[in-house]
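Each chain is listed here by its residues.
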Amino acid sequence: MSSLSVPPVLTSARQDATDLHRAFKGFGCDTAAVINILAHRDASQRSLIQYEYRAIYSDELSNRLSSELSGNLKKAALLWLHDLPGRDAIIAREALCGADLRAATEVICSRTPSQIQVIKQAYYTKFGVHLEHDINLQASGDHQKLLLLYVSTPRYEGPEVDHGMVEKDAKDLYKAGEKRLGTDEKTFIRIFCERSSAHLSAVSSCYRRLYGNSLKKAVKSETSGFFEFALLTIIRCAENPAKYFAKVLHKAMKGLGTDDTTLIRVVVTRTEMDMQYIKAEYEKKHKKSLGEAIHSETSSHYRSFLLSLVGHKR
């Protein structure tokens, strides 16, 4: 569910390209005008604007934005130019090459199987290497095994579950973790990578019913590091992805300073997906709106851009 607001007056992509070029001309950039256009256009509109800009001015809009904007606004705007799979591919590539395995893991483990297939295609088109190649190169151990299996396994995406299989998986996870000395990581990898989100959510409920403990707590006590983070991301997104991302956003903004990389990543990648649900979860948990939190943690045009994306009315 997108949070993008439609502009009151619909303009053509050619008009938008011309208006953007006008905003770039002269002494200094009319950044407010740039934000007003780009932050209120969906992926297909942004693609057409880039096409028109290239056709009229023989230049890439991304190049011009890169030279006219700076800092966090520049990062957010350049990422926003792409469609959903393109953005995810760029984030995964930069995270893997920059050894930010946490960000790469989040992008991979929070996406559906069909989304992952399109991300893999975009990854190869943009970078000339397969996503699996970079995972193999940068990740290691059980974390590597899980990511490689997760991006290559087709999984059912519907709501139906087999309750007999759910109970068997819950028991198998208990035997592989809490019941024994040491952990059978292979069982965790197999179940978390091969089962649908609806199934894993049901396994989590069944596990609590059978053993009086949450599956997430079992994962925390039995695993560690990036492997633990991957498993927790999978199960949390299976249960409630909006709640998961609301928590990630809160963590990025709480305390001293703001984790702008995470803030940009989540706002830009979820705006055209489920931002309205994330906002509802955020407000339910923290008793203030996501927009208010972003407003207090950011400033200037960067603040305006993010608030426009999340659909915050000031």
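One can find the structure itself at the top, above this paragraph.
Residues numbered from 1 in each chain as written. Predicted model: local features only at pLDDT ≥ 70, side-chain atom pairs only at ≥ 80, totals over all residues. Heavy atoms only, no water.

## Things to note about the overall build of the protein
- When its secondary structure is counted, the protein shows 20 helices and zero strands.
- The C-alpha radius of gyration computed for the protein amounts to 21 Å, which stays within 12% of the reference 20 Å derived for 314 residues, consistent with globular compactness.
- Seen through its C-alpha atoms, the protein measures out along the principal axes to roughly 70 × 45 × 35 Å.
- Taken across its 314 residues, the protein has 49% of its residues classed as buried. (Helix = DSSP H or I, 4+ residues; strand = E, 2+ residues; numbered from the N terminus. Rg over C-alpha atoms; globule rule 2.2 N^0.38 Å. Buried < 20%, exposed > 50% of the residue type's maximum accessible area, 1.4 Å probe, protein only.)

## Comments concerning the side chain of Thr271
- Structurally, Thr271 can be placed in the loop between α17 (260-270) and α18 (275-286).
- Thr271 gets classed as buried once you look at its relative accessible area, which sits at 0%.
- Among the polar contacts made by the side chain of Thr271, one reaches the main-chain carbonyl oxygen of Val267 at a distance of 2.6 Å. (Polar contact = N/O pair within 3.5 Å; in protein donor to acceptor, adjacent residues only side chain to side chain.)

## Some remarks on the pattern of salt bridges
- Counted by the stated rule, this structure contains 20 salt bridges.
- Arg22 is the salt-bridge partner of Asp19, the closest N and O atoms lying 2.9 Å from each other. With a gap of three residues between them, Asp19 and Arg22 both fall in helix α1 (residues 13-24), about one helical turn apart.
- Arg22 sits in the exposed class, given a relative accessible area of 53%.
- Between Lys145 and Asp142 there is a salt bridge, with its nearest N and O atoms 3.8 Å apart. Within this pair, Lys145 and its partner Asp142 are both found in helix α10 (residues 141-152), separated by three residues, close to a single helical turn.
- By relative accessible area, Lys145 is classed as partly exposed at 48%.
- The network of salt bridges with common partners includes Arg46, Arg87 and Glu272. (Salt bridge = Lys/Arg side-chain N within 4 Å of Asp/Glu carboxyl O.)

## Here we look at the nonpolar core
- Residues Leu249, Ile294 and Phe305 are the most contacted members of the largest nonpolar core, which totals 51 residues.
- Ranked by the residues each element gives to this core, the list is headed by helix α16 (residues 241-253), at seven residues.
- Filtering out sequence-adjacent residues up to four positions away, Ile294 remains in contact with Met253, Leu263, Val267, Leu306, Leu307 and Val310.
- Core analysis: the second largest hydrophobic core is formed by 44 residues, Ala89, Ala103, Ile119 and Ala139 among them. (Core = buried A, V, L, I, M, F, W, Y, C linked by side-chain atoms within 4.5 Å. Contact = heavy atoms within 4.5 Å.)

## Some points on the environment of Gly291
- In this fold, Gly291 is placed in helix α19 (residues 290-297).
- Along the sequence, Gly291 and His130 sit 161 residues apart, while their C-alpha atoms lie 37 Å from each other.

## Digging into the environment of Val166
- Here Val166 shows up in helix α11 (residues 163-176).
- Overall, Val166 belongs to the buried group, its relative accessible area being 4%.
- Taking the C-alpha atoms as reference points, Val166 and Gln117, 49 residues apart in sequence, are found 26 Å from one another.
- In this view, Val166 contacts Val161, His199, Ala202, Val203 and Cys206; residues no more than four positions away in its chain are not counted.

## Thoughts on a positive patch on the surface
- A cluster of basic residues, Arg102, Arg208, Lys217, Lys220, Lys243, Lys247, Lys251, Lys254, Lys285 and Lys287, forms a positive patch on the protein surface.
- Going through the elements one at a time, α14 (215-222) and α16 are the ones with two or more residues in the positive patch.
- The greatest single-element share of the positive patch, amounting to three residues, is contributed by α16.
- With respect to the helices and strands, the residue Lys254 is situated in the loop between α16 and α17.
- Residue classification places Lys254 among the exposed residues on the basis of a relative accessible area of 51%. (Patch = residues over 30% accessible without salt bridge, like charges linked within 9 Å, V, L, I, M, F, W, Y side chains within 5 Å. Areas by Shrake-Rupley, 256 points an atom, 1.4 Å probe, with all protein chains shown as cover. Lys, Arg positive; Asp, Glu negative; His and termini not counted. Charge placed at Lys NZ, Arg CZ, Asp CG, Glu CD.)

## Quick notes on empty space enclosed by the protein
- As enumerated under the stated definition, the model contains one cavity of 30 Å³ or more in all.
- Here the largest cavity defines a volume of roughly 40 Å³.
- Lining the largest cavity are Ala92, Val107, Ile108, Arg111, Ile116, Ile119 and Leu131.
- Mapped by element, the contributors of at least two residues to the lining of the largest cavity are α7 (101-109) and α8 (113-127).
- For the lining of the largest cavity, the class distribution of residues is six nonpolar, no polar and one charged. (1 Å grid on protein atoms, 1.4 Å probe; cavity = no way out; pocket = protein on both sides within 12 Å on 5 of 7 lines; lining within 4 Å. Points joined across faces, edges and corners; volume = space filled by probe spheres on them. Nonpolar A, V, L, I, M, F, W, Y, C, P; charged D, E, K, R; others polar.)

## Examining the state of the cysteines
- Under the criterion given, the structure shown has zero disulfides.
- Cys193 forms no disulfide, and the closest cysteine sulfur to it belongs to Cys109, at a distance of 7.4 Å.
- Since its relative accessible area comes to 0%, Cys193 is described here as buried. (Disulfide = S-S within 2.5 Å.)

## Examining the environment of Ser66
- Note that Ser66 resides in helix α4 (residues 61-68).
- On a C-alpha basis, the gap between Ser66 and Glu178 in space is 51 Å, while along the polypeptide they are 112 residues apart.
- Ignoring any residue separated from it by four or fewer positions in sequence, one finds Ser66 in contact with Lys74 and Leu78.

## Digging into the packing of aromatic side chains
- Evaluated as defined, the whole model comprises eight aromatic pairs.
- Measuring from ring centre to ring centre gives 6.2 Å for Phe24 and Tyr53, while their planes differ by 75°; the resulting arrangement is edge-to-face. Linking Phe24 in helix α1 with Tyr53 in helix α3 (residues 43-57), this pair joins segments that are 29 residues apart in sequence.
- On the accessibility criterion, Phe24 (2% relative accessible area) is buried.
- Taking 5.0 Å as the distance between ring centres and 80° as the angle between the ring planes, the aromatic pair formed by Tyr244 and Phe245 counts as edge-to-face.
- Among the aromatic residues, ring-to-ring pairing joins Phe24, Tyr53 and Tyr57 into one connected group. (Phe/Tyr/Trp six-rings, centres within 6.5 Å; stacked < 30°, edge-to-face > 60°.)

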